[in-house]
Amino acid sequence: MARVVYIRVLYGTFLACFFNCVVTSQAKERFVSQRTGTLGKILDNYDPQLPPDYDSGIPVPISVQIAVLSLDSIDETTMDYSMTMYLRQTWVDDRLKYDPFNVTVYGLQKLDRKRNGGQGHDHDFEDKNSTFQMSHFHLYKRGKARVKEGKLELDVHAMNRIWVPDTFFYNEREAIFHDVTVPNKLLHIYSNGTVFYSLRISLTLTCHMELSKYPFDRQECLLQLGTYGYTDEILAYFWHKFNPATFPSELRLPTFNLYDWHLRTCDQEEFEGVNGKFSCLNMVIRLARSNGFYVAQIYVPSVLVVILSWVSFWLDIEAIPARISLGLLTVLTTTTMSVGARSSLPRVSYLKALDVWNAVCLLFVFSALLEFAYVNVNTRVERRRLSMRDAVNLARGKDTLPKGQLVSASRLRARRIDKMSRLIFPGVFLAFNVFYWCYYMI
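A quick note: this is a predicted structure, and the numbers were derived from the prediction, not measured. (Residues numbered from 1 in each chain as written. Predicted model: local features only at pLDDT ≥ 70, side-chain atom pairs only at ≥ 80, totals over all residues. Heavy atoms only, no water.)

K.L.:
So what about the overall build of the chain? Which residues, and what values?
P.N.:
Check the secondary structure of the chain and you find 5 helices and 17 strands. Within the span of the chain, comprising 442 residues, buried residues form 36% of the whole. The long-range fraction of contacts in the chain, counting pairs at least 24 apart against all pairs at least 6 apart in sequence, stands at 79%. In the form shown here, the chain has an accessible surface area of approximately 26,900 Å², with 58% of it arising from carbon and sulfur atoms. (Helix = DSSP H or I, 4+ residues; strand = E, 2+ residues; numbered from the N terminus. Buried < 20%, exposed > 50% of the residue type's maximum accessible area, 1.4 Å probe, protein only. Contact = heavy atoms within 4.5 Å. Areas by Shrake-Rupley, 256 points an atom, 1.4 Å probe, with all protein chains shown as cover.)

Written as structure tokens, this is what we have:
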């Protein structure tokens, strides 16, 4: 009796599994057949060389979205920047309309193989026909079904049979279309004729920078796109209503901070050619330079070098080799730092904030060297003058000053100049710093 019941249960399970497989296969074949037939039908008399409503005189609205994946580099020397992004375009082509159809979509539910103390097996699951293995460690089974309107998802090779806008970038210097492992393109067609077209590209775009406040500058880099061959009588570009441009929240740049971006439509008059006006879009990316590197590598060392040049004011006037060596060392160090800082910048015809700083620092260390030269020359001239006066007095039989007194008088004047320099140089340099940082940072 138990054997008969077992055979009936086994037979019923077999029939249920067979019926489920047949129904699923028929539904899939019906959907595939319907999708293939619909695509073939709409493309029979379709001409991909002509835009939608070509003879109507009404421009085709092209909705544009940009999803920036990364800002790779911003180069002041070449005045350009690189970025990788998804370019998404949406338009309506009435020639691609078709009767809507519904499809049944099943989600996937991951099932853990390790059950019953890690000794689980496939027969632990009730519905074996809806369970399939996706990896060595996990099984997946068909989840809850939902019905949605079907759309046509085209292969990369089939996209060539559909018209797409001839979008290009006005300020593009170099561009790469990604094709690993296949060309990164996507095209979906909806029943009402709406076409969604997306592709992944990497661009190098020109960015005209104003470097007068470098390295405390803020830059506005432009991304400009539009149609190349169609006037505004055929195509009209506009930004998508929802999330027209997005940037990753974890975006980090080594030398800049992204603080804002602005979207607008181009002024048609600006892009009027000999054959008419062309529609276009602008995205302005606003960047603020991170100046921590420059403060640590340029400003702080140069301040220390300037302060080092003031040490000569505390050295004895007779320590000529030490004061000359110190003055020359600070001058050469400042010059080397200035040349190194300018090596990574373009040659522009105006002064930059960094140029002003380097020039003033060089002026201070050079002035310290000149101060010693003045003191030394003035001391020797004073000694020679007093010596000549004593010689004349001696020839006339008059009394002369002791030699030690002559030296003391010249040293006293030299020390007085050094003491004045100890106050004047730091005071002027401090005043310059207050003016400099207030002017360029505010």
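K.L.:
Help me get a handle on the sheet that holds strand 17 (residues 280-289), residues and values and all.
P.N.:
Strand order in the open sheet formed by 4 strands is 7-11-17-14, and the pairing between neighbours is antiparallel. Two strands in the sheet have a free side with no partner beyond their single neighbour: strand 7 (167-169) and strand 14 (256-265). The average angle at which neighbouring strand axes cross in this sheet is 20°, direction not considered. Here strand 14 pairs with strand 17 via 9 bridges, running antiparallel. In the sheet register, Trp261 faces strand 17, and the bridge partner there is Ile285. (Pairing = 2+ DSSP bridges. Axes fitted to C-alpha atoms, helices over the stretch in contact; angles between N-to-C directions.)

K.L.:
Residue-level account of the side chain of Ser312, with values.
P.N.:
Here Ser312 is to be found in the loop between helix 2 (292-309) and helix 3 (320-342). Look at Ser312 and you get buried, because its relative accessible area is 3%. Sequence-distant contacts of Ser312, that is, excluding residues within four places in its chain, are made with Arg323 and Leu326.

K.L.:
Would you mind going over the pattern of salt bridges in detail, with residue names and values included?
P.N.:
Side chains carrying opposite charge are able to pair once their charged atoms draw close together. Overall, the coordinates contain 11 salt bridges when judged by the stated rule. Here Arg286 ties to Glu220 by a salt bridge, and the two come within 3.1 Å at their closest N and O atoms. With Arg286 in strand 17 and Glu220 in strand 11 (residues 218-227), the pair connects residues that are 66 residues apart, well separated along the chain. A relative accessible area of 47% places Glu220 in the partly exposed class. (Salt bridge = Lys/Arg side-chain N within 4 Å of Asp/Glu carboxyl O.)

K.L.:
Give me the lowdown on the state of the cysteines, citing residues and values where you can.
P.N.:
Taken as a whole, this structure holds 2 disulfides when the rule is applied. For Cys207, the disulfide goes to Cys221, at an S-S distance of 2.1 Å. Handedness here is read from the sign of the S-S torsion; for Cys207 and Cys221, about -80°, the answer is left-handed. Separated by 14 residues along the polypeptide, Cys207 in the loop between strand 10 (194-206) and strand 11 and Cys221 in strand 11 bring together distant segments of the chain. Each of the two residues, Cys207 as well as Cys221, counts as buried. Disulfide pairing is shown between Cys266 and Cys280; the S-S distance is 2.3 Å. With Cys266 in the loop between strand 14 and strand 15 (272-273) and Cys280 in strand 17, the pair connects residues that are 14 residues apart, well separated along the chain. By relative accessible area, which is 5% here, Cys266 ends up buried. With its bonded cysteines labelled in order along the sequence, the chain shows the pairing 1-2, 3-4. (Disulfide = S-S within 2.5 Å.)

K.L.:
Residue-level account of the packing of helix 2 against helix 3, with values.
P.N.:
Look at helix 2 against helix 3: their axes get within 9 Å of each other, and the N-to-C directions meet at 165°. Taken as axis vectors, helix 2 and helix 3 run roughly antiparallel relative to one another. Judged by the twist between their axes, the crossing of helix 2 over helix 3 is left-handed. Across from Ile298, Pro301, Ser302, Val305, Leu308 and Ser309 in helix 2, the residues of helix 3 making contact are Leu326, Thr330, Thr333, Thr334, Met337 and Ala341. For the contact of helix 2 with helix 3, the residue count by class is 7 nonpolar, 5 polar and no charged. (Parallel < 35°, antiparallel > 145°, perpendicular 65-115°, else oblique. Left-handed = near helix turned anticlockwise from the far one by under 90°. Nonpolar A, V, L, I, M, F, W, Y, C, P; charged D, E, K, R; others polar.)

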